[in-house]
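# What the coordinates show
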Amino acid sequence: MAKHIQDTTTLHNGVKMPWLGLGVWKVEDGSQVTESVKAAVQAGYRSIDTAAIYKNEEGVGKGIKECGVPREELFITTKVWNANQGYETTLQAFEESMEKLGLDYLDLYLVHWPVAGKYKDTWRALEKLYADKKVRAIGVSNFHVHHLEDLLETANIVPMVNQVEFHPQLAQHDLRTFCKEHQIQLEAWSPLAQGKLLDHPTLVEIGQKHGKSPAQVILRWDLQCGVVTIPKSVNADRIATNGDIFDFELTSEDMEQINALNKDERVGPDPDNFDF
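Summarised in this report is the structure supplied together with it. Everything numeric in this text was worked out from a predicted model, so none of it was measured.

This part covers the sheet that holds strand β7 (residues 135-141). If you walk across this open sheet you meet the eight strands as β3-β4-β5-β6-β7-β8-β9-β10, and the pairing is parallel. Across the chains shown, the open sheet's two edge strands, defined by having one partner strand only, are β3 (22-23) and β10 (228-229). Summarising the sheet, strand β9 (residues 185-189) and β10 pair through two bridges and their orientation is parallel. The residue of β10 that forms the bridge with Glu 187 is Val 228. Running at roughly 135 degrees to strand β6 (residues 106-111), helix α3 (residues 87-101) makes contact with β5 (75-80), β6 and β7 of the sheet.

Running from N to C, helix α7 (residues 201-210) and helix α8 (residues 214-224) point in directions that differ by 90 degrees, and their axes come no closer than 8 Å. By the angle between their axes, α7 is roughly perpendicular relative to α8. Packed against α7, whose contacting residues are Leu 203, Val 204, Ile 206 and Gly 207, the element α8 presents Pro 214, Val 217 and Ile 218 at the interface. Classifying every residue of the contact of α7 with α8 by side-chain character gives six nonpolar, one polar and no charged.

Those residues of helix α2 (residues 57-66) that sit buried are Glu 57, Gly 59, Val 60, Gly 61, Gly 63 and Ile 64. Next to the buried residues of α2 lie α1 (31-42), β4 (47-49), β5 and α3. One or two positions beyond α2, positive phi appears at Gly 68, with a value near 85 degrees.

Right, let's get into the nonpolar core. Grouped together as the largest cluster of nonpolar side chains are 84 residues, with contacts concentrated most on Val 60, Leu 106, Tyr 109, Leu 148, Phe 166, Trp 221 and Leu 250. Each residue touching Tyr 109, except ones within four places of it in the same chain, is listed here: Thr 78, Lys 79, Val 80, Thr 90, Ala 93, Phe 94, Leu 126, Leu 129, Val 135, Ala 137, Ile 138 and Gly 139. The next biggest cluster of nonpolar side chains, apart from the first, holds five residues, and it includes Trp 81, Trp 113, Val 115 and Trp 189.

Bringing the pattern of salt bridges into the picture now. For the structure shown, the criterion picks out 14 salt bridges. The residue Asp 254 makes a salt bridge to Lys 209 at a minimum N-O spacing of 2.5 Å. Linking Asp 254 in helix α10 (residues 252-259) with Lys 209 in helix α7, this pair joins segments that are 45 residues apart in sequence. Looking at Lys 209, the relative accessible area reads 49%, which means it is partly exposed. One network of salt bridges, in which partners are shared, links Glu 35, Lys 38, Lys 62 and Glu 66.

The rules behind the values
- Note that residues are indexed from 1 along each chain, following the sequence as it is written.
- In view of the model being predicted, local features appear only for residues whose pLDDT reaches at least 70, and side-chain atom pairs are presented and counted only at 80 or more, with totals across whole chains, interfaces and linings using the full set of residues.
- Excluding hydrogens and water, the side-chain figures rest on all heavy atoms present in the structure.
- Two strands form a pair only when DSSP identifies at least two bridges running between them.
- Segments assigned H or I by DSSP are reported as helices when at least four residues long, segments assigned E as strands when at least two residues long, and all are numbered from the N terminus.
- Residue contacts are counted whenever heavy atoms from the two residues lie within 4.5 Å of one another.
- Axes, fitted as lines to C-alpha atoms, cover a helix only where it is in contact. Angles between the N-to-C directions of the axes lie from 0 to 180 degrees.
- An angle counts as roughly parallel when it lies under 35 degrees, as roughly antiparallel when it exceeds 145, as roughly perpendicular when it falls between 65 and 115, and as oblique in every other case.
- Classification convention: Asp, Glu, Lys, Arg as charged; Ala, Val, Leu, Ile, Met, Phe, Trp, Tyr, Cys, Pro as nonpolar; all other residues, Gly among them, as polar.
- The cut-offs for exposure are 20% and 50% of the maximum accessible area for each residue type, with area from a 1.4 Å probe on protein chains only; residues under the lower value are buried, those over the upper are exposed, and the others partly exposed.
- The definition of a nonpolar core used throughout is a set of buried Ala, Val, Leu, Ile, Met, Phe, Trp, Tyr and Cys residues joined through side-chain atoms within 4.5 Å.
- Only one rule defines a salt bridge in this text: a Lys or Arg side-chain nitrogen within 4 Å of an Asp or Glu carboxyl oxygen.

Everything listed is a geometric property; what it means functionally is a separate question.
Structure (structure tokens):
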């Protein structure tokens, strides 16, 4: 079990990915995202997760350059947006992202959403980028079990990661089981349900017992579920606090109480029903 902020899980191709990262969805490009990246690295984080559609890859790249930690010690993720899916367009979108980030290789590239009729060609492009050693690992985001089953019918490479909405009220049991069976690492976006769970009495009570905040309890629960987590914040103190989850462990009773909060309830769009 993760005991340090830089502890990693090993993906099925042998690449090590930090259990904790900084998410930068809705973080403004320019100084806001650059300073967030630097604050996270200063707090000990080594993983940064962005996406083409966040429109802040340039600021993330600047933060990477200025953070004072060698590139090879960092784990950088970005994603191909829906409008750019397809084989050639994905390859082109990748080059644009790399130019904005100012990087010569990427640690993880994800298919952002399962766009019907497109994601298989998109995946072929990711397999090429992986074969060409431009990306150390490839994966998907927002894929249900049936999307993964469909993809695996033609894929040469099993995705290394599936990044999905995951929090105590959306525990994704079937998906977790499927991913575990296929050695696909599950990763949580919106682990704090966009703040909606931070005053939940169960989480407050468990937090008080451990001297931790409800947010820290949720993030610790992610790790103990075997799920990589990428909480977002632009506040340096909160970024540091979110990373302060390696000095305590939830008991099996705590875990059961949190597991019981599941309602299969989303704060974001359903991957079977999105229109963007």
